[in-house]
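# Structure at a glance
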Amino acid sequence: MKAAPVPVVILILQLFSINFIQSTKVWLPQVDFADSSNWAPTGVPSAHQTIVFPSKLNALVSLPEGIMTVSSLILPQQGGLLFPAHSFSLNVVSQEPSAISVAVFKTPGRTPYYSGNNWATYDEQRLSREAPNAAVPHSERVPCQYETAVFETEKSMPKPVDMQYHESIEVGNVRLGETIEGLENFHHFISSELGQFLFYNAEDTLIRQGKCASAEKCPCQEPRQMDAICSNERCAVPHCLSPIQPAGHCCPICGSVFRVNIAQFQGVFNLQSFADKIRRKIASSEVDVADVEYHIGIDRSMGANAVQLIVVDKGEYGERSIQMMNSLRPFFEKQFTSGFLITHAGQPHTPLEGGQVFAFVLLSFIVMSAFFTVIYVYYYDDMLIPRLRAAVHNRQFFTTPFVFARFHPNSDTDGLSVDVNFPSDGQAADEESEQTVTVADDENRHASSFNNPMYEKRAQKAEPAVEAFDDVELCVK
């Protein structure tokens, strides 16, 4: 009779442990000695090479297990090399200078803590990780205030983390490898000399417990953390007519979103049960599930309490996400008589970029200017068109008497040619007579034209005495 309470106590402990299982996010960027892209020239160093680490490594690098044979090893001045605790041996062999080749380790860069691309959801029971897809809100890609942040150190060290001088990091728990766990221990580590090679700009950053430890009652991120996350995101131009921005997303996207208040559910709401139903409906839809990406979550930001389903196209937007959401509409109408909202991004659309907009405006200005110029010339200018017609007819665009005059000995019809041949005696007499007639005609024409009194010469009158004796001839005997 005394053994009966034992299984009851065990059952209570099991329920207690299941209720407090926390979700985990693991840091993805790593500094791996065996990664060929970390070396110059590209490739993992081979035996008998000289391995050079930069003087300012500013990171921690774990050396691989086994026997490492090098001709020489140049250590960094700022940074650290971590030797394996077991199964490691370093052999230094001498070689001829002409036979020595050098392998240089590249300095790893820093990457922000508040960047969704640096984290993945980790399932500790299945020992698997899942990187976020395009449908996951940015607020849920970074460890939430009730989640555990894990930095793995088994095979390689984490890439340097930039804390960006943030005031605080609020999480449920932190674990660095198998030796450091807990918020207080982690805070002491990042303040140490070794920790400063992994976590930069963290001198004044506090690592503290989130304000809420329950995912069912609190938002994933506070507004201050959300601002820090969005500051590290570069938004691409969405190629759709009416982009949507679901809750938790920093950028407008193309796709479809479904929202319903949890109060619309009958009975006790169970997110896992509802998500399983959605997955089965999506798998049986006419739209191929491989063409879309989706995320099911709860939005509790700004006092909201709504279930949110986000569906986006995988790759280029082609309204497949809208087709998927429309296939789920009968299921939503059956589950909820009212109170749900579905928003679509609309048709595909490629907006113009800055340079394309400028070129379009400039081209439009040129076309409109040419159009109004033609209208003005046609209706208001009566001289330009006749002049252009005469110029085209006479071909006087590129012939002037001063620059482009053509010298042709036998052509005098264009009025612009010059004859350089010497005429004969008969031709000279004819030309003189023609010139005399031409001069007479010019004098008559000028006489009939307007005479300017300022430039007109006065006629000289002959004296009377000269006139009287003009025709007198004197003879002296």
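Residues numbered from 1 in each chain as written. Predicted model: local features only at pLDDT ≥ 70, side-chain atom pairs only at ≥ 80, totals over all residues. Heavy atoms only, no water.

Within an unreviewed UniProt entry, the label attached to the protein reads Protein amnionless, and the organism entered is Anopheles minimus. As recorded by UniProt, the Subcellular location (unreviewed entry) comment attached to the protein reads in full: "Cell membrane". (UniProt positions renumbered as here; feature names shortened; annotations may be inferred.)

### A closer look at the state of the cysteines
What the rule picks out here adds up to five disulfides. The side chain of Cys 144 participates in a disulfide bridge whose partner is Cys 220; the two sulfur atoms lie 1.8 Å from each other. Here Cys 144 and Cys 220 share a disulfide; its torsion about the S-S bond, -85 degrees, makes the bridge left-handed. Taken together, the residues Cys 144 in the loop between strand E12 (128-130) and strand E13 (148-151) and Cys 220 in the loop between strand E20 (206-209) and helix H3 (223-231) connect sequence positions 76 residues apart. Given a relative accessible area of 2%, Cys 144 falls into the buried group. Here Cys 212 pairs with Cys 218 through a disulfide, and the sulfurs are 1.5 Å apart. Its torsion about the S-S bond being 80 degrees, the disulfide of Cys 212 and Cys 218 is classed as right-handed. Owing to a relative accessible area of 12%, Cys 218 belongs among the buried residues under this scheme. Assigning the bonded cysteines of the protein consecutive numbers by sequence position, one obtains the connectivity 1-4, 2-3, 5-8, 6-9, 7-10. (Disulfide = S-S within 2.5 Å. Helix = DSSP H or I, 4+ residues; strand = E, 2+ residues; numbered from the N terminus. Buried < 20%, exposed > 50% of the residue type's maximum accessible area, 1.4 Å probe, protein only.)

### A short note on the pairing of strand E4 (residues 49-52)
Burial along E4 is two-sided: the face carrying Gln 49 and Ile 51 and the face carrying Thr 50 and Val 52 are both buried. Where E4 and strand E6 (residues 66-74) come together, four bridges link them in parallel fashion. Note on E6: the bridge partner recorded for Val 52 is Ile 74. (Pairing = 2+ DSSP bridges.)

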